[in-house]
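An overview of the molecular structure
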Amino acid sequence: FGFFPSVGASWYVSNEEFWKPYKETVSNLKIRATYGLVGNDAVGDPQDRFFYLSDVNMNDADRGSVFGTNNGYSRTGIFVNRYGNSNITWETATKTNLGLELGLFNQVNVQLDLYREHRRNILMTRAYIPLSLGVSSTSDIKANIGEAAAKGVDLSVDYNKYFGKNLWLQARANFTYATSEFKVYEEPDYKESYLSHKGQPLTQQWGYVAERLFADDDEVANSPLQGFGEYGAGDIKYRDLNGDGQITSLDQMAIGYPTTPEIVYGFGFSVGYKAVDLSCFFQGLARESFWIDPNATAPFVPYRYSRDRKSVV
């Protein structure tokens, strides 16, 4: 079980006696705020709900032993597929929200929300387990060590107007901006600061920086070695970010925007005259990068989607 309390309060300012002189202009005014904790138990692999328990193979033939004359007697071995971790627990998020509801001239309604969130105990894979610890599990060692923060704003505006008995108009617009960043991330102490995930959005993508195409084979021979198999003139030339004379995983950096859009917006209207009406609504996304998976889009190539598949940028 978990205990995640929260508290909220609101004040209808426009219902107060002193607000009556302003009712014709500001027909509605409400201020609200909430603060509290939220727990998330959906951590780890959804196909393995009890991953905090140990998983031991008591009949591992590959790690067995043979005994007796002419090795005529054998016994299977034991292997730890996963070590148990009784300290695995909830993710906990501290959430703060400030809201404003505003009505103008009994025609325009505005809702504004500002929020901030700080998540702790995020389940992450340990980046470095020393060999002296003596572990031999085939699965990753995980722990609740990550922290992340998010903040954003939600804004919506509605307009309603009747022009006599037969003509009416409704218009609406909304705008959302939300961003996130890692506060604590399990990773090596990189000498190259651009490799660190700290301060980067949660869905940020990483990859190599393409400078241009190799002009000829002479340029290939005089450029940093790229460990991507065979390549030559006309292929992509990647930038050696750390200057060690070769292109490796240490030359990957944050590229593009996060895969989750940071800006979502929309606007539209409805207009009617007697028994005829017309409605339109438009929406869009911004500050988002879309990555094409070549394996999923290549023709005549068998492909099976996996939830655990990791794309290579």
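Residues numbered from 1 in each chain as written. Predicted model: local features only at pLDDT ≥ 70, side-chain atom pairs only at ≥ 80, totals over all residues. Heavy atoms only, no water.

Some thoughts on the confidence of the model for the protein
Residues with a pLDDT of 70 or more make up 93% of the protein, whose mean pLDDT is 88. When pLDDT is averaged over each helix and strand of the protein, the minimum, 78, is found for helix H2 (residues 294-297) and the maximum, 97, for strand E1 (residues 6-12). (pLDDT = per-residue confidence, 0-100. Helix = DSSP H or I, 4+ residues; strand = E, 2+ residues; numbered from the N terminus.)

Section: the packing of aromatic side chains
Counted according to the given criterion, the structure contains eight aromatic pairs. Taking 5.1 Å as the distance between ring centres and 50° as the angle between the ring planes, the aromatic pair formed by Trp19 and Tyr22 counts as tilted. In this structure an aromatic cluster arises from ring pairing among Phe18, Trp19 and Tyr22. (Phe/Tyr/Trp six-rings, centres within 6.5 Å; stacked < 30°, edge-to-face > 60°.)

Let's talk about the environment of Ala254
As for its placement among the helices and strands, Ala254 is situated in strand E14 (residues 253-254). Expressed as a C-alpha distance, the spacing of Ala254 and Gln200, which sit 54 residues apart in the sequence, is 8.1 Å. Leave out the neighbours within four places in its chain, and Ala254 touches Gln200, Gln204, Gln205 and Trp206. (Contact = heavy atoms within 4.5 Å.)

Some remarks on unusual backbone geometry
Although it is not a glycine, Phe105 sits at a positive phi angle of roughly 55°. Here Phe105 shows up in the loop between strand E5 (91-104) and strand E6 (108-125). The exposure class of Phe105 is partly exposed, given its relative accessible area of 49%. Its identity is not glycine, yet Asn106 carries a phi of approximately 60°, on the positive side. Residue placement: Asn106 occurs in the loop between E5 and E6. The exposed category is assigned to Asn106, whose relative accessible area is 64%. (Buried < 20%, exposed > 50% of the residue type's maximum accessible area, 1.4 Å probe, protein only.)

Let's talk about the layout of surface pockets
Picture a little ball the size of a water molecule; that probe, rolled over the atoms, points out where space is still empty. As a volume, the second largest pocket reaches approximately 360 Å³. Along the wall of the second largest pocket there are 13 residues; nearest its centre are Asp41, Ala42, Val43, Arg49 and Phe51. Classifying every residue of the lining of the second largest pocket by side-chain character gives eight nonpolar, two polar and three charged. (1 Å grid on protein atoms, 1.4 Å probe; cavity = no way out; pocket = protein on both sides within 12 Å on 5 of 7 lines; lining within 4 Å. Points joined across faces, edges and corners; volume = space filled by probe spheres on them. Nonpolar A, V, L, I, M, F, W, Y, C, P; charged D, E, K, R; others polar.)

Some points on the sheet that holds strand E15 (residues 263-273)
On the basis of which strands lie adjacent, the open sheet formed by eight strands has the order E1-E2-E5-E6-E7-E8-E15-E16 and antiparallel pairing. Of all the strands in the sheet, the pair left with one neighbour each is E1 and strand E16 (276-286). Direction aside, the axes of adjacent strands within the sheet are offset by 10° on average. When strand E2 (residues 26-40) meets E5, the two strands line up antiparallel, connected through 14 bridges. Each bridged residue has a counterpart across the sheet, and for Leu37 the counterpart in E5 is Thr94. (Pairing = 2+ DSSP bridges. Axes fitted to C-alpha atoms, helices over the stretch in contact; angles between N-to-C directions.)

A look at the pattern of salt bridges
In total, this model carries twelve salt bridges according to the counting rule given. A salt bridge links Glu211 to Arg212, with the shortest nitrogen-to-oxygen separation between them at 3.9 Å. Given the relative accessible area of 34%, Glu211 is considered partly exposed. The exposure class of Arg212 is partly exposed, given its relative accessible area of 44%. Where salt bridges share partners, they join Glu211, Arg212, Glu219, Lys237 and Arg239 into one cluster. (Salt bridge = Lys/Arg side-chain N within 4 Å of Asp/Glu carboxyl O.)

What to know about a nonpolar patch on the surface
On the surface, Leu155, Phe175, Tyr265, Phe267 and Phe282 cluster together to form a nonpolar patch covering roughly 450 Å² of accessible area. With respect to the element layout, Phe267 can be found in strand E15. Under the relative-accessibility criterion, Phe267 is labelled partly exposed at 43%. (Patch = residues over 30% accessible without salt bridge, like charges linked within 9 Å, V, L, I, M, F, W, Y side chains within 5 Å. Areas by Shrake-Rupley, 256 points an atom, 1.4 Å probe, with all protein chains shown as cover.)

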